[in-house]
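Chain and residue survey
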Amino acid sequence: MRLAFILGEITSGLRRNLSMVVSVILVTFVSLTFVGAAGMLQLQISQLKGYWYDKVQVAIFLCGQGSTSAGCASGPVTPDQQKSIKALLESPAVAQYVNDYHFESQTEAYQHFKEQFANSPIVDSVTPDQLPASFRINLKDPEKYQIISETFSSRPGVETVIDQRQLLERLFTVMNQASVVAIVVAGVMIVCAILLIGTTIRLSAFSRRRETGIMRLVGASKLVIQLPFVLEGVISAVVGAVLASATLWAVAKFFLGDVLAKQYPDTAFISPAQVLILVPLLIGLSVVLAGVSSLVTLRRYLKV
Amino acid sequence: MIRFDNVTMVYDKKARPALDSISIEIERGEFAFLVGPSGSGKSTFLRLVLREDRATAGAVYVAGQNVARLSSWRVPRLRRGIGVVFQDFRLLPQKTVFANVAFAMQVIGKNRGVIRETVPEVLKTVGLEGMGHRMPHELSGGEQQRVAIARAVVNRPGILLADEPTGNLDPATSQGIMQLLDRINQNGTTVVMATHDDDIVNSMRKRVVELGSGTIVRDEAKALYTSMMPAVRPRRLGEPAAEERRERVPSPSGAGEEEI
Ligand SMILES: Nc1ncnc2c1ncn2[C@@H]1O[C@H](COP(=O)(O)OP(=O)(O)OP(=O)(O)O)[C@@H](O)[C@H]1O
Ligand SMILES: [Mg+2]
C-alpha cells in the first residue's frame, strides 16, 4: 500500500516537473558521458600497454623464422646463442644496470598477444612461431637504455633491442591529458547536475507543499514524505547514467570497433564489453550525486 | 492528556514571549476552549502540543510523554495520536472528498481494504454520507470543514486540536460543526479548540481557558466567553492596565493570511 502510494507520488511528481526532469536527465547524461570517456581512455591505455609495459622498459627480440633484419641472416636463434645472451645479461658488466629480467618464449608471446588483441581480427591470422621470443628487462635506471642497446644489438641471434617507453610514452601523455580534460569538464557538469537536481527537488517540494504539510500533520513518517522527492531525483539521474552508458558502448562498438580497428589493424582496441564495466560505476555515481543533493535540499526546504 | 509545565515560548528575542511560563492540565476526554485576543498565544499553544515547535523553557507532556524529548523519528507517532483542524480547512483541491480523507490513512500505510471500509463510515459520522465523489470546490464551507474533521479523526486520534474551526463559517453552520465536535468528544476524544466565537463558547458551556499576552488569565469550568468574575479584576503587580495591554497586542498574523 505504502509502496503503491509512493510510486503514485513519484509518477505525479515526474509528470508535474517534466521540463526540469528532462534537464536533469540531460545534464547527468552529459556529465557522466565525460566521466565515462575518461574511464574509456584509461581502459584503452592499459589495453595498449599490453602485458609487459608496466613491468619492463627494454625488450631484446630474438631472431625468429620470419625475421628479416641483418642480424638474423643466419636464421632463427639457436639455443647456444640464447644461452650466451642470457649469460651476458647475468654478467656483472650488464647485471649492475638490471633490476630484473624475464624470458618470454614464443608460446608465452602468443598468449600475451592473444590477450591484448582479443578484440582484433588480426589474432586469428597469427601463429606462435611468427612471434619472436624475447628477453624483457627491467632497468634500475630507465635512462640507461643506450647501454643495453649497444651491448646486445649486434649479438648473433638478436633481431632488435627496443625501448618500449619511447614508442608509446608520447601517445599515453596525450591520452592522459585528454582524460584530465574530460574529468575537469565532467566535474563542472557534475556541479551543474547537483545544483539542478537540488533546484528541481526544491520546486517539486514547493508545488507539493500542501500535501506534505498534511502528511506531516497526520503523522506520515519522514521516509514516506521524503522518499518520493529523493527517488524523483535519483530516477532522473539514473536515466541520464543509462543514456551515458549507451553512448559509450556505441562509441566502443561503432567507432572503435568498426571504424578505427579497420584503419589500424595492428592496434589493440578495447571492446564494447569492456566498456560495460564502467556502467555500474556511472549508475552508482548518478545515484550518489542525486541522493546526496536531494537529501541536502530536503533538509533545508522540507521540514518534517 | 495534555500538560504544560511552566512553558515559555519565545519566537523573537526582542518581542515579548508568545507564551510566558504557563502551566495547565487538560484531562483525557475533556473539551476545552482556548480564548483570548489575537496574538495571545492560542495557536502557539496548539503548535507546541503538535511539536511543530519546541518550547523555549518548560515541558509539554502529551499522553505522559515530554514531547521535546521525542527524537525526530518518533514525532510522526505522536502526531498520529492527534487530529488537527484549521480555519482554512486545508483540503487538497485536486482530490475528491473520499481521497482527501483516505490520504490521511494512505500516508501512514493503512491497507486499501481498511481504507475503503473506514472512509465512508467516517464521512457518515460527519454528515457527508454519499458525498465522497465530490471535489472540495463543489462543497460549502461548512461541508469542507466536515471533510477536514473527517480527515482529522479517521485514524482515531485521542486528541483533536481545532484552531478557529468556525472562523470562516456563518453562525448556523458553526453550530452544526460544534455539534459534530461535541459528538466526537463524547466518544472519548479530548478536544481543544481555539476560538474567537463568543456565541459558540457561550452555548457550549465547557471549560474555558483564556489567554492574554501569553499568560493564562482565566481557567473556568462550564464557563462563558467573557468572565463571570468581576469585570475589573484587581491588577497584578507589574501588570499593565487592560486598555494598555490591548494596545500592545500586535496585529494578527499567520491565520488571517492563510484564509482562502
Ligand atoms: N512563527 C512565528 N514567528 C515569530 N513570531 C510568531 C510566530 N508565530 C506566532 N508568533 C507571535 O507569537 C504571538 C502569539 O501568536 P499566536 O499565533 O499564538 O496567537 P493567536 O492567539 O493564535 O492569535 P490569533 O487569534 O490571531 O490566531 C504573536 O505575537 C505572534 O506574532
Ligand atoms: Mg491563531
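Basis of the calculations
- Residues numbered from 1 in each chain as written.
- Chains lettered and ligands numbered in written order.
- Predicted model: local features only at pLDDT ≥ 70, side-chain atom pairs only at ≥ 80, totals over all residues.
- Heavy atoms only, no water.
- Pairing = 2+ DSSP bridges.
- Helix = DSSP H or I, 4+ residues; strand = E, 2+ residues; numbered from the N terminus.
- Axes fitted to C-alpha atoms, helices over the stretch in contact; angles between N-to-C directions.
- Contact = heavy atoms within 4.5 Å.
- Buried < 20%, exposed > 50% of the residue type's maximum accessible area, 1.4 Å probe, protein only.
- Lys, Arg positive; Asp, Glu negative; His and termini not counted.
- Salt bridge = Lys/Arg side-chain N within 4 Å of Asp/Glu carboxyl O.
- Polar contact = N/O pair within 3.5 Å; in protein donor to acceptor, adjacent residues only side chain to side chain.
- 1 Å grid on protein atoms, 1.4 Å probe; cavity = no way out; pocket = protein on both sides within 12 Å on 5 of 7 lines; lining within 4 Å.
- Points joined across faces, edges and corners; volume = space filled by probe spheres on them.
- Nonpolar A, V, L, I, M, F, W, Y, C, P; charged D, E, K, R; others polar.
- Domains from an automatic or database assignment.
- Buried area = accessible area lost by both parts, 1.4 Å probe.
- Phe/Tyr/Trp six-rings, centres within 6.5 Å; stacked < 30°, edge-to-face > 60°.
- Lys NZ or Arg CZ within 6 Å of the ring centre and 35° of its normal.

**Here's the deal with the sheet that holds strand E2 (residues 98-104) of chain A**
Residues and elements named next belong to chain A. One open sheet accounts for four strands, arranged E2-E3-E1-E4; its pairing is antiparallel. Strand pairing shows two members of the sheet lacking a second neighbour, E2 and strand E4 (158-163), which therefore form its edges. Put simply, the sheet's adjacent strands are angled 15° from each other on average, direction ignored. As paired strands, strand E1 (residues 58-62) and strand E3 (residues 134-139) are joined by four bridges and run antiparallel to one another. In the sheet register, Ala-59 faces E3, and the bridge partner there is Arg-136. Where helix H6 (residues 145-152) meets the sheet, it contacts E1, E2, E3 and E4, and its direction lies at approximately 175° from that of E4.

**A word on the side chain of Arg79(B)**
Residues and elements named next belong to chain B. Relative to the elements of secondary structure, Arg-79 occurs in helix H2 (residues 75-80). Within the buried core, Arg-79 has no salt-bridge partner, and the shortest N-O distance to an opposite charge, that of Glu-52, equals 4.7 Å. At 3.0 Å, the side chain of Arg-79 and the backbone oxygen of Arg-51 are in polar contact.

**Quick word on unusual backbone geometry**
Residue and element names in this part refer to chain B. You will see that Glu-164, though not glycine, has its phi angle at about 50°, which is positive. Along the polypeptide, Glu-164 turns up in the loop between strand E7 (159-163) and helix H6 (171-186). We note that Lys-222 has phi near 45°; this positive angle belongs to a residue other than glycine. Classification of Lys-222 as exposed rests on a relative accessible area of 63%.

**A short note on the layout of surface pockets**
Residue and element names in this part refer to chain A. If you add up the space inside the second largest pocket, you get close to 1100 Å³. At the level of secondary structure, the elements contributing two or more residues to the lining of the second largest pocket comprise helix H2 (18-49), E1, helix H5 (106-116), E4, helix H7 (164-207) and helix H9 (222-263). Of the residues forming the lining of the second largest pocket, the biggest block, six residues, is contributed by H2. Of the residues that constitute the lining of the second largest pocket, the class distribution is 29 nonpolar, seven polar and five charged. Each of two domains, domain 1 (2-50 + 169-301) and domain 2 (58-165), supplies a minimum of three residues to the lining of the second largest pocket.

**Looking at the domain arrangement of chain A**
All names here are of chain A. Annotation of chain A at the domain level lists domain 1 (2-50 + 169-301) and domain 2 (58-165). Computed over C-alpha atoms, the centres of domain 1 and domain 2 are 46 Å apart. On the domain 2 side, the residues contacting the 13 residues of domain 1 number seven residues. Across the domain 1 to domain 2 interface the summed buried area is about 710 Å²; carbon plus sulfur atoms make up 42%. Area buried by domain 1 at its contact with domain 2 is led by Gln-47, Glu-169 and Ala-268, which between them contribute 44% of it. There are zero salt bridges connecting domain 1 and domain 2. For the pair domain 1 and domain 2, the number of links is two residue pairs in polar contact (both at pLDDT 80 or more). No other element matches the three residues that H2 contributes to the side of domain 1 that touches domain 2.

**Focus on the interface of chain B and chain A**
Contact with chain B, which involves 24 residues of that partner, is made by 18 residues of chain A. The contact between chain B and chain A buries some 1900 Å² in all, and 61% of this surface belongs to carbon and sulfur atoms. On the chain B side of the interface with chain A, the three residues burying the most area are Arg79(B), Phe103(B) and Val107(B), jointly 28% of the side's total. There are one salt bridge connecting chain B and chain A. The residue Glu52(B) makes a salt bridge to Arg216(A) at a minimum N-O spacing of 2.8 Å. Run the count over chain B and chain A and you get three residue pairs in polar contact (both at pLDDT 80 or more). Within the residue set of the side of chain B that touches chain A, elements represented by two or more residues are H2, strand E6 (82-86), helix H3 (97-106) and helix H4 (112-125) of chain B.

**Examining the packing of aromatic side chains**
Within the structure shown, the criterion is met by six aromatic pairs over all chains. Between Phe31(B) and Phe33(B) the ring centres are 5.2 Å apart and the planes differ by 55°, which places this aromatic pair in the tilted class. Phe31(B) sits in the buried class, given a relative accessible area of 4%. An aromatic cluster is built from Tyr101(A), Phe103(A) and Phe135(A), whose rings are joined through pairwise contacts. Across the ring face of Tyr61(B), the terminal group of Arg3(B) is positioned such that the distance to the ring centre comes to 4.5 Å.

**Describing the sheet that holds strand E8 (residues 190-194) of chain B**
All names here are of chain B. Strand order across the open sheet formed by six strands is E6-E7-E8-E3-E9-E10, with mixed pairing between neighbours. The open sheet is flanked by E6 and strand E10 (215-220), the only strands paired with a single partner. The mean angle between the axes of side-by-side strands here comes to 15°, regardless of whether they run parallel or antiparallel.

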